[in-house]
Amino acid sequence: MRQLFISTIFLFILIQNVFGQEKESHLFQDPRRYIDTAVTYMNQEKYLEADKYFMVALDQITVLSSDFCYYFGKNSFYLKYYSQSIDWLSKYLELKGSSGQYSEEVIALLDKSEQEFRTNRTTGATVETNTKFFYLNTISCSGHENIICPVCKGDDIITTKDRLGENIYRTCPYSTNGVLTCEEFNLLLQGKLKPKK
């Protein structure tokens, strides 16, 4: 009788362990779990750890969210992966424009990334990431029509506010008079359009 009781308890513990591991494994099949974990690490300034989780999430996601672009671009900036940071922060602006929740911070980080990239062009770390999202949604350039820049929305000026709430105006780093050529627009969609000098 005692042997049967011990066997039953052992079997119960074993089943709980198996189901617990299966449940935990199932939770991490959702890429949002990896993104949430990555953001937590980034907020703790553990940028390399965050990058590992972002990379796993990047392999699993099929629909690109603007929040992912913001967080991944920001973490890349802190890792000094300036080219990658520019790509992902630009992608955020492409998706959300200058009125997104993080647009002001993204524009400031993008400006810093671009300055650091120019300064440290030969010493900056370069990494290869999954670029599947930078080749979606390109358009056919059959004519020579110009396209309104999604970053400045055709104004050629990007307006942000300083800490005192005063407006700061700067020229759009991508457009000319608020428009892009079709080729420039596709490069912007791919995260490859270089800022004007």
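Scroll up to find the structure this text is about.
Position numbers for residues count from 1 along each chain, tracking the sequence in the order it is written. Only residues with pLDDT of at least 70 are given local features in this predicted model, and only at 80 or more are side-chain atom pairs given and counted; all residues enter the totals for whole chains, interfaces and linings. Values shown for side chains rest on all heavy atoms present in the structure; no hydrogens or waters enter the calculation.

Student: Account for the nonpolar core, with residues named and values stated.
Tutor: Phe54, Phe68, Val151 and Tyr174 are the most contacted members of the largest nonpolar core, which totals 43 residues. Among the secondary structure elements, those contributing two or more residues to this core are helix H2 (31-43), helix H3 (47-60), helix H4 (66-78), helix H5 (82-96), helix H6 (103-119) and helix H7 (182-189). Note on definitions: a residue-residue contact is assigned when non-hydrogen atoms from the two residues lie within 4.5 Å. Apart from residues no more than four positions distant in its own chain, phenylalanine 68 is found in contact with Ile35, Phe54, Ala57, Leu58, Ile61, Gly73 and Trp88. Here, nonpolar core means buried Ala, Val, Leu, Ile, Met, Phe, Trp, Tyr and Cys residues that are tied together by side-chain atoms lying within 4.5 Å of each other. Only protein chains enter the accessibility calculation, which uses a 1.4 Å probe; a residue whose area is less than 20% of its type maximum is buried, one above 50% is exposed, and one in between is partly exposed. Strands here are runs of E lasting at least two residues and helices are runs of H or I lasting at least four, both read from the DSSP assignment and numbered beginning at the N terminus.

Student: Hey, could you go over the pairing of strand E3 (residues 167-171) for me, with residue numbers and the actual values?
Tutor: Paired strands are those between which DSSP finds at least two bridges. As defined by bridge partners, strand E2 (residues 157-161) adjoins E3 across 5 bridges and the pair is classed as antiparallel. When the sheet's bridge partners are listed, threonine 160 is paired in E3 with isoleucine 168. In this antiparallel pair of consecutive strands, E2 and E3, the connection spans 5 residues, and glycine 165 shows a positive phi of 85 degrees.

Student: Talk me through the side chain of lysine 74; I want residue IDs and the actual numbers.
Tutor: The residue lysine 74 is located in helix H4 in this model. Looking at lysine 74, the relative accessible area reads 14%, which means it is buried. When neighbours within four sequence positions are excluded, lysine 74 is seen to be in contact with Met42, Leu89, Glu105 and Leu109.

Student: Outline the environment of leucine 193, supporting the account with residue identities and numerical values.
Tutor: Secondary-structure assignment places leucine 193 in the segment after H7. Between the alpha carbons of leucine 193 and isoleucine 86 there is a distance of 9.6 Å; along the sequence they are 107 residues apart. Excluding residues that lie within four positions of it along the chain, leucine 193 makes contacts with Tyr174, Leu180, Glu184, Leu187 and Leu188.

Student: Describe the packing of H4 against H5, with residues and values.
Tutor: Following both chains from N to C, one finds H4 and H5 inclined at 155 degrees, their axes separated by 8 Å at the closest point. One element, H4, and the other, H5, form an angle in the roughly antiparallel class. Between H4 and H5 the crossing geometry is left-handed. Seen from H4, the contacting residues are Ser66, Phe68, Cys69, Tyr70, Phe72, Gly73, Lys74, Ser76 and Phe77; seen from H5, they are Tyr82, Gln84, Ser85, Trp88, Leu89, Lys91, Tyr92, Leu95 and Lys96. Think of each axis as a best-fit line through the C-alpha atoms, taken over the contacting stretch in the case of a helix, with angles from 0 to 180 degrees between the N-to-C directions. Should an angle fall under 35 degrees it is taken as roughly parallel, and over 145 as roughly antiparallel, whereas 65 to 115 is taken as roughly perpendicular and any remaining angle as oblique. Crossing handedness follows the turn of the near helix against the far one: under a right angle anticlockwise gives a left-handed crossing, and clockwise gives a right-handed one.

Just geometry here; none of it tells us what the structure is for.
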